[in-house]
Amino acid sequence: MQISVIGAGYVGLTTAACLAEIGHQVLCADNDLDKLKKLNSGLLPFFEPHLDSLVKNNAASGRLQFTSPTEAIERGSAIFICVGTPPLESGEADLSAIESVARTIASTARGYRLVIEKSTVPVQTAKRLWKHLAIYNVNGLDFDVVSNPEFLREGSAVGDFFHPDRIVIGAESPRAVAMMKEIYAPVLTSPAACPIHSHCPPVHEVPLIVTDTNSAELVKHASNSFLAMKISFINLVADACEAAGADIAKVAEGIGSDQRIGQSFLNPGIGFGGFCFPKDLQAFVRIGEKLGCDFSLLKEVENINLRRVEQFVAKVRKELWVLRGKTLAIWGLAFKPETDDVRFAPALNIARRLLAEGARIRAYDPQAMQKAKDELPGITYCLSPNEAAHRADAILILTEWAEFRRPDWAELAKTVAHPLVIDGRNLCASEELAAHGFQYVCIGRPQLALPTAAKEFEVSPLLGLAPLASPPLSASARPLP
Ligand code: UDX
């Protein structure tokens, strides 16, 4: 099928490349001429595993081309709208880019067009799109509007396209449903076209949920809000574990083993970020208000998440007392691993807070440093985790990149000024760190016994740093038997 994708951001570019890979003829369009130029010369505007080769191969075969929105709209029989819907000051989604695409379709296209809304939008947007297309229609355009929410996760978006948990189609006409089934047929029927696995996960039938446009739109906001709620919930439970001396890893395992709950999204930490959860949650709260529904539950989900940053900074302060003049190594800036995306990344907010308290920051991220530099000047960007840890008073782990899980702790022990790791993602094994003399602080888990020297002082929450009543003798000072 001749398909056009409007918007070459995370969703648009991934969708376009994957649709080309399953055999469609795809035109991917963007208003940003510089971005188009780079894409035409094989340069991607962001890092996403496997996408680079997918774009290059399909561009080389001629199945994927980059062009202007007007040309894409003139030529595509199915048009995916994948433009941004950033948050307005009020938290509502800004739909002006969607409205503008709709007007261009209405004034440019002739014959029939299937208009597919893939950007995340408030419920009832498809209805508005339909009305708008009808009002501005000058060429007798025949059209359908479909809602087809995306569930792609950054870092695994290509795999998610080929192995989706479900495909949701919100449509009001059988013709539109038939076309959508044709578009997704290779994914629905067989994963054979998957370009990233040599052995694909076992074939299962992908659930196809066909519904009205309002319901499809709600699926998207409700899914993301539910997942955000799960994260905030486990973060609350982690706080309780910390206060009561329990272990969140075991508690989460215990909760998640209930099949009705499931293990995923029960990882506690410094909170969720990225360009989807924070904005979708806010937008859903505003939608609830407009619909006259009480969504205060979701406001609390957001508040809990916002507090995670301050709570983590308090942890750092608890260990290091005054932060002014301290050197802190930050490992991880992206909002999650396998991406270079730093939008609404909790790591950046933590870095800003630490800077405001006078700390010196040495940061490293395998992919996100270029993007972080634009948002966060005033810190030292390093070429490796070890370089960041040089003379550091503490190492802070803020994104769960695999390479931070088992670094060479023996080497790091020689590099740091003070052997302390504060892990905002519960990534490391405390025993391994203790074996190399590191104090390890994480989220919602009991701390292993401190190394002897550090044990001589313990922090009382009321009094600050206080000597123990009778400090234990260090190994070298112990009397011989
Ligand atoms: C999300 C949705 O998962 C996806 O379906 C939708 O299409 C887009 O939004 P994404 O933003 O890529 O995807 O990231 P996701 O993997 O969902 O993680 C979001 C945030 O939650 C990250 O900051 C991550 O670190 C955090 N998170 C996730 C936790 O803190 N704990 C968890 O257990 C899981």
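The following paragraphs examine the structure supplied in this document. (Residues numbered from 1 in each chain as written. Predicted model: local features only at pLDDT ≥ 70, side-chain atom pairs only at ≥ 80, totals over all residues. Heavy atoms only, no water.)

**Let's talk about the site of the ligand**
The local shell around the ligand holds 18 residues, among which F151, L152, E154, N267 and K336 are the closest. One of the side-chain N or O atoms of R425 is found 3.1 Å from an oxygen atom in the ligand. Calculation on the ligand without its partners gives an accessible area of 670 Å², and the protein chains cover 93% of this total. Here the element with the most residues in the shell around the ligand is helix α9 (residues 213-244); it accounts for three residues. By residue class, the composition of the shell around the ligand is nine nonpolar, three polar and six charged. (Near = heavy atom within 4 Å. Polar contact = N/O pair within 3.5 Å; in protein donor to acceptor, adjacent residues only side chain to side chain. Areas by Shrake-Rupley, 256 points an atom, 1.4 Å probe, with all protein chains shown as cover. Helix = DSSP H or I, 4+ residues; strand = E, 2+ residues; numbered from the N terminus. Nonpolar A, V, L, I, M, F, W, Y, C, P; charged D, E, K, R; others polar.)

**Overview of the pattern of salt bridges**
If you walk through the whole model with that rule in mind, you get 31 salt bridges. R308 is the partner of D239 in a salt bridge, and the nearest nitrogen-oxygen pair spans 3.1 Å. Here D239, found in helix α9, pairs with R308, found in helix α12 (residues 296-320); they are 69 residues apart in sequence, far enough to count as distant. The exposure class of D239 is partly exposed, given its relative accessible area of 25%. (Salt bridge = Lys/Arg side-chain N within 4 Å of Asp/Glu carboxyl O. Buried < 20%, exposed > 50% of the residue type's maximum accessible area, 1.4 Å probe, protein only.)

**Considering the packing of aromatic side chains**
All told, the structure shown has 12 aromatic pairs when counted by the stated rule. Here the aromatic rings of W331 and F404 are separated by 5.3 Å at their centres, their planes lie at 35°, and the arrangement is tilted. Here F404 lies in the loop between β12 (394-397) and α16 (409-415) and W331 lies in strand β9 (residues 327-331), a separation of 73 residues in the sequence. Taking relative accessible area as the criterion, W331 reaches 0% and is therefore assigned buried. Within the aromatic cluster, the residues linked to one another by ring pairs are W331, Y364, F404, W409 and F438. Seen from the ring of Y136, R103 lies directly overhead, with NZ or CZ sitting 5.9 Å from the centre. The positively charged end of R166 is found above the aromatic ring belonging to F151, 3.5 Å away from the centroid. (Phe/Tyr/Trp six-rings, centres within 6.5 Å; stacked < 30°, edge-to-face > 60°. Lys NZ or Arg CZ within 6 Å of the ring centre and 35° of its normal.)

**Describing the nonpolar core**
In terms of nonpolar packing, the biggest core is built from 63 residues, with L354, I395 and L396 touching the most fellow members. Contact partners of L396, with chain neighbours within four places excluded, come to F312, V316, L328, A329, I330, W331, L354 and I422. In terms of nonpolar packing, the next biggest core, distinct from the first, is built from 46 residues, A16, C28, F162 and C194 among them. (Core = buried A, V, L, I, M, F, W, Y, C linked by side-chain atoms within 4.5 Å. Contact = heavy atoms within 4.5 Å.)

**Some words on the packing of α12 against helix α13 (residues 346-356)**
Interhelical geometry of α12 versus α13 gives an angle of 50° and a closest axis separation of 10 Å. Between α12 and α13, the interaxial angle falls into the category oblique. Taken as a pair, α12 and α13 cross one another with a handedness that is right-handed. Counted together, V309, E310, F312, V313, V316 and R317 of α12 and P346, N349, I350, R353 and L354 of α13 form the full contact between these two elements. (Axes fitted to C-alpha atoms, helices over the stretch in contact; angles between N-to-C directions. Parallel < 35°, antiparallel > 145°, perpendicular 65-115°, else oblique. Left-handed = near helix turned anticlockwise from the far one by under 90°.)

**Some points on the pairing of strand β1 (residues 2-6)**
With four of five residues buried, β1 lies mostly within the body of the structure. When β1 meets strand β2 (residues 25-29), the two strands line up parallel, connected through five bridges. Within β2, the position partnered with Q2 by the bridge is Q25. Handedness of the crossover joining β1 and β2 through helix α1 (residues 10-21): right-handed. Sheet topology note: the β1/strand β4 (residues 78-81) ladder contains four bridges and is parallel. Each bridged residue has a counterpart across the sheet, and for S4 the counterpart in β4 is I79. (Pairing = 2+ DSSP bridges. Right-handed = clockwise from strand over helix to strand, strands pointing away.)

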